[in-house]
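Overview (structure and organization)
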Amino acid sequence: MFGYVKPELSELTMREFSRFRAAYCGTCHELQRSFGTASRFILNYDFVFLFMLLYEGTEPPELKMRRCPVSPLRPKCVCCRSDALTRASGLSVILAYDKLIDDVSDEKGGKRTKAKLGKTFLKGAYRKASRLYPEFDSEVKLRLGELNELESEGELSLDRSADKFALLLASASNDRVKNHMLYHLGRIIYIADAYNDLKEDLDCGRYNPVAARYGVSSLPCEKNVTEAVRLTLEASAGVLMADVELLSESYWTGIIKNTVYLGIPKMISAVLEGTYSAKPARLPRREMLKENGDTI
Amino acid sequence: MRDPYEVLGVSRNASDAEVKKAYRELVRKYHPDNYHDNPLSDLAEEKMKEINEAYDTVQKQRSSASSGYSSYGQNSGEQSQGYGSGAGSSTQYNEIRMAINSGDLGRAESLLRAEQNRSAEWHFLMGSVYYKRGWFDEAAGYFQTAATMEPTNAEYAQAYNMVNRGGYPYRSTYSTPTTGGSDMCDVCTAMMCANMLCRCMR
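In short, a report on the structure. (Residues numbered from 1 in each chain as written. Chains lettered and ligands numbered in written order. Predicted model: local features only at pLDDT ≥ 70, side-chain atom pairs only at ≥ 80, totals over all residues. Heavy atoms only, no water.)

This paragraph deals with the overall build of chain B. Helix and strand counts for chain B come out as 9 helices and 0 strands. Taken from the N to the C terminus, the helices and strands of chain B come in the order α-α-α-α-α-α-α-α-α. Here chain B holds 202 residues, and 37% of them are scored as buried. Element-wise, carbon and sulfur atoms account for 52% of the exposed surface of chain B, whose accessible area totals about 12100 Å². (Helix = DSSP H or I, 4+ residues; strand = E, 2+ residues; numbered from the N terminus. Buried < 20%, exposed > 50% of the residue type's maximum accessible area, 1.4 Å probe, protein only. Areas by Shrake-Rupley, 256 points an atom, 1.4 Å probe, with all protein chains shown as cover.)

Have a look at this one:
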């Protein structure tokens, strides 16, 4: 369900690209440092975005040159030791783990085995994270529980189901602007994911909020359904655009604006056209001018 | 108070035209239309006030004696329409409209649910509650019902168009903001280029 929120890489400046890579690698390193090697595998763009959004201030975070299993020879510039980084990785572990629990009860066959395996794998990391952020953990559990209830009742309102997931994500920040942005991010992720999963869910007769709302029973779905989903997704994306201008200036503002103005609209169009593929996150290589630990 | 030039995002020696352009761009960005029914609209209003004050200050500083200028929405009290005065709204919904305006959506919804008479206005207000909450799909349904029940009402028609227009309300001419800090690099690069040129000439 994660990996939808990412910047439009080709539109980033070189400086922003270096920064983004430092954030991406930094999240991965922080997961390893605070929650163990297993937690590294949950890394995706959404969690990196969460880190950038939670970060406060225009000062750069501490940057260091670090090697890692993916790049064992050439050290990379990596963000380290920031409160936002620890918090974002902790919340990510909790989100990923609770999603796996959910999958174990929802899915069948191969996917279920995979989720079960992942759950065992991630247990240690989750225990640490939930001890650090118990209030977020209980919020996620509460909302996912409510969501499961709605899904098992076959809830017809798309907004009502999406609201649960949106509230869950929104609880990651108490800042008014960030909280509101996270709400709409969650709403977009939930609805886009549901649309993306239509085929799979219809095939195995599972509940799908978009199918339930618009009475979709076979694919491809009618044009007016796609248009209705587009309207509702774009309305939330529009709110993000308005909100992002109210965000206090931070070190990551450029990348966050790129994500909101370009990345998310592009993702929405791709999902609705059926061309979106949630490939595992991997950054393209690009030789950087400032590789040697200079300030970026 | 913050430095007015900083608020407008221009340097002190920017020309009058540049100041005006920056000011217009900011006004477009924080215009109340972009925050219609957004629970953060008060923050946008504050921002707008700050921008107007900064612009006024700069204008006064620059031309204390010259001809008049006008900043946007000096009558800033009139900016937000709210749900106070729907044309032809009946008094029975006044309390609900007040609750919506003050952002107390929970109260507004429970008052609406208790209402027996589900008129066009009822549907419109219900849609507004949902819209403010970010439940755009539900809101669209209620606005549509309101507009069909009373096709002549401009307020309902406007709301219905708003949810069906699609697209993005205001896409700032998105450009990545220039961040400070590159100045030193620029200086260094310029020096290096100059140095190289000097060597070529010798």
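The discussion continues.
Among the nonpolar cores identified, the biggest contains 142 residues, and F51(A), W252(A) and L8(B) are the most heavily contacted of them. Broken down by element, the residue count for this core peaks at 12 residues, all from helix 7 (residues 176-196) of chain A. (Core = buried A, V, L, I, M, F, W, Y, C linked by side-chain atoms within 4.5 Å.)

Residue and element names in this part refer to chain A. Summarising the sheet, strand 1 (residues 62-68) and strand 2 (residues 71-80) pair through 6 bridges and their orientation is antiparallel. When the sheet's bridge partners are listed, L63 is paired in strand 2 with C79. The antiparallel pairing of strand 1 with strand 2 creates a hairpin that spans 2 residues between the two strands. (Pairing = 2+ DSSP bridges.)

Take the packing of aromatic side chains next. Counted according to the given criterion, the structure contains 19 aromatic pairs over all chains. When the ring of F51(A) is compared with that of Y55(A), the centres are 6.0 Å apart and the planes differ by 85°; the resulting orientation is edge-to-face. For the pair shown, F51(A) and Y55(A) are each scored as buried. Consider the rings of Y23(B) and Y55(B), whose centres lie 3.8 Å apart with planes at 5°: the pair is stacked. Of this pair, Y23(B) sits in helix 2 (residues 16-29) while Y55(B) sits in helix 3 (residues 41-62), and the two are 32 residues apart along the sequence. The exposure class assigned to Y55(B) is buried, which follows from its relative accessible area of 3%. Of the aromatic side chains, those joined through ring pairs into one cluster are F124(B), Y131(B), F136(B), F143(B) and Y156(B). One Lys or Arg, R19(A), reaches over the ring of Y251(A) and ends 3.9 Å from the middle of that ring. Over the ring of W135(B) we find R133(B), and its NZ or CZ is 5.9 Å from the ring centre. (Phe/Tyr/Trp six-rings, centres within 6.5 Å; stacked < 30°, edge-to-face > 60°. Lys NZ or Arg CZ within 6 Å of the ring centre and 35° of its normal.)

Residue and element names in this part refer to chain A. In this model helix 11 (residues 253-273) runs 29 Å from its N-terminal to its C-terminal C-alpha over 21 residues, within 8% of the 30 Å that 1.5 Å per residue would give. Of all bends in helix 11, the biggest is about 40°, found at T259. Most of helix 11 is tucked away: 17 of the 21 residues are buried. (Expected span 1.5 Å × (residues − 1). Bend = angle between axes of the 7 residues up to and from the residue.)

Within the fold, E155(A) resides in the loop between helix 5 (134-152) and helix 6 (158-170). Here the side chain of E155(A) touches S157(A) through a polar contact of 3.0 Å, landing on its backbone nitrogen. (Polar contact = N/O pair within 3.5 Å; in protein donor to acceptor, adjacent residues only side chain to side chain.)

Further remarks concern the pattern of salt bridges. Applying the stated criterion across every chain, the model contains 32 salt bridges over all chains. For D159(A), the salt bridge goes to R187(A), with nearest N and O atoms at 2.6 Å. Within this pair, whereas D159(A) is found in helix 6, its partner R187(A) is found in helix 7, the two being separated by 28 residues in sequence. Pair check on accessibility: D159(A) and R187(A) agree, each one buried. Here D16(B) and R62(B) are joined by a salt bridge, their closest N and O atoms 2.6 Å apart. Placement of the pair is D16(B) in helix 2 and R62(B) in helix 3, with a sequence separation of 46 residues. (Salt bridge = Lys/Arg side-chain N within 4 Å of Asp/Glu carboxyl O.)

Let's shift gears to the environment of Y160(B). Tracing the backbone through its elements, the reader meets Y160(B) in helix 8 (residues 154-165). Sequence spacing of Y160(B) and F124(B) is 36 residues, and the spatial spacing of their C-alpha atoms is 9.1 Å.

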